[in-house]
Amino acid sequence: MANRTQVVTPEREAFLAGERPADVHIFLHEDRVANVEALEPHGERVDAGVVLLLDGAKGREVFADATGIDPMALAREAMGTEGSVDRDCTGGTCPSCGAEDPEFVFAFAEEQNEEAGGLYAEGPVIHAYVACGCGERYSEKWVAGEQSA
């Protein structure tokens, strides 16, 4: 997994802490988006692309428009393959090819739910779904604020 250090906005910090369950976090790699500069005023520029933090419904629409991938289809495909996703949701390590710069990451936070048990009883859970350039789709979920294993 890439070890990236970057400044995180207060809004993204709150999302990554599991405090914004109504929002979705979208990472778009600069090489996979036609005009990443056009997205910068609407998001946060990071090492290899741009992050958009948007209301859930709007975010799913924007992700589909920007990538040509339905985010729910990505989630269904990615759930079958566990990979390693950076805790800032801007990178990961593909379990198939080892690449550390995904094309896209779509993530959301789910509130703590003690009745559901497991991770969900421990705190808010971040679900991240990744599309790698090799064609692999993978995912990881973790308790918000938890460091990578």
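Residues numbered from 1 in each chain as written. Predicted model: local features only at pLDDT ≥ 70, side-chain atom pairs only at ≥ 80, totals over all residues. Heavy atoms only, no water.

Caption draft 1: Representation of the overall build of the protein chain in the model. Helices and strands together make up the secondary structure of the protein chain, namely five helices and eight strands. Shown N-terminal to C-terminal, the secondary structure of the protein chain runs as helices and strands in the order α-β-α-β-β-α-α-β-β-β-α-β-β. Here the C-alpha radius of gyration of the protein chain, 14 Å, is about what a compact globule of 149 residues would show, namely 15 Å. If one aligns the C-alpha atoms of the protein chain with their principal axes, the spans along those axes are about 45 × 35 × 30 Å. Burial analysis of the protein chain (149 residues in total) assigns 49% to the buried set. A sequence separation of at least 24 residues applies to 59% of the contacts in the protein chain between residues at least 6 apart. Split by element, the accessible area of the protein chain, about 7300 Å² in all, is 45% carbon and sulfur. (Helix = DSSP H or I, 4+ residues; strand = E, 2+ residues; numbered from the N terminus. Rg over C-alpha atoms; globule rule 2.2 N^0.38 Å. Buried < 20%, exposed > 50% of the residue type's maximum accessible area, 1.4 Å probe, protein only. Contact = heavy atoms within 4.5 Å. Areas by Shrake-Rupley, 256 points an atom, 1.4 Å probe, with all protein chains shown as cover.)

Caption draft 2: Here's a closer look at helix α4 (residues 71–78). Listed as buried for α4 are Pro71, Leu74, Ala75 and Ala78. Viewed along the axis of α4, the buried residues span an arc of 100°, placing them on a single side of the element. In this fold, the buried residues of α4 make contact with α3 (56–67), β6 (104–110), β7 (125–131) and β8 (137–143). (Arc of directions from axis to C-beta.)

Caption draft 3: Region of interest: the layout of surface pockets. Counted as a void, the second largest pocket has a volume near 180 Å³. As for the second largest pocket, its lining consists of Met79, Thr81, Glu82, His127, Ala128, Tyr129, Ser139, Glu140 and Lys141. Contributing elements (two or more residues each) for the lining of the second largest pocket: β7 and β8. (1 Å grid on protein atoms, 1.4 Å probe; cavity = no way out; pocket = protein on both sides within 12 Å on 5 of 7 lines; lining within 4 Å. Points joined across faces, edges and corners; volume = space filled by probe spheres on them.)

Caption draft 4: Molecular detail of the pattern of salt bridges. Using the criterion set out here, one finds eight salt bridges in the structure. Close ionic contact of glutamate 30 with arginine 45 constitutes a salt bridge, the shortest N to O distance being 2.9 Å. With glutamate 30 in the loop between β1 (23–29) and α2 (36–39) and arginine 45 in strand β2 (residues 44–46), this pair connects stretches of sequence that are 15 residues apart. For glutamate 30, a relative accessible area of 29% translates into the label partly exposed. One salt bridge connects glutamate 77 with arginine 137, and the closest N-O pair in it is separated by 3.6 Å. Here the residue glutamate 77 occupies a position in helix α4, and arginine 137 occupies one in strand β8, the gap between them amounting to 60 residues. A residue is classified by how much of its surface remains accessible, and arginine 137, at 18% relative accessible area, is buried. Three or more residues are tied together by salt bridges with common partners; here these are Glu30, Glu40 and Arg45. (Salt bridge = Lys/Arg side-chain N within 4 Å of Asp/Glu carboxyl O.)

Caption draft 5: Representation of the environment of aspartate 70 within the structure. Its place among the elements puts aspartate 70 in the loop between α3 and α4. The exposure class of aspartate 70 is partly exposed, given its relative accessible area of 40%. C-alpha of aspartate 70 to C-alpha of aspartate 88: the two residues are 18 residues apart in sequence and 22 Å apart in space.

Caption draft 6: Seen up close, the sheet that holds β7. Taken in spatial order, the six strands make up an open sheet running β2-β3-β1-β6-β7-β8, and their pairing is antiparallel. Of all strands in the sheet, those bounded by a partner on one side alone are β2 and β8. Each strand axis lies, on average, 20° off the axis of its neighbour in the sheet, ignoring direction. Inspection of the sheet shows β7 paired to β8 by seven bridges, in the antiparallel sense. Across the sheet, valine 130 pairs through a bridge with tyrosine 138, a residue of β8. (Pairing = 2+ DSSP bridges. Axes fitted to C-alpha atoms, helices over the stretch in contact; angles between N-to-C directions.)

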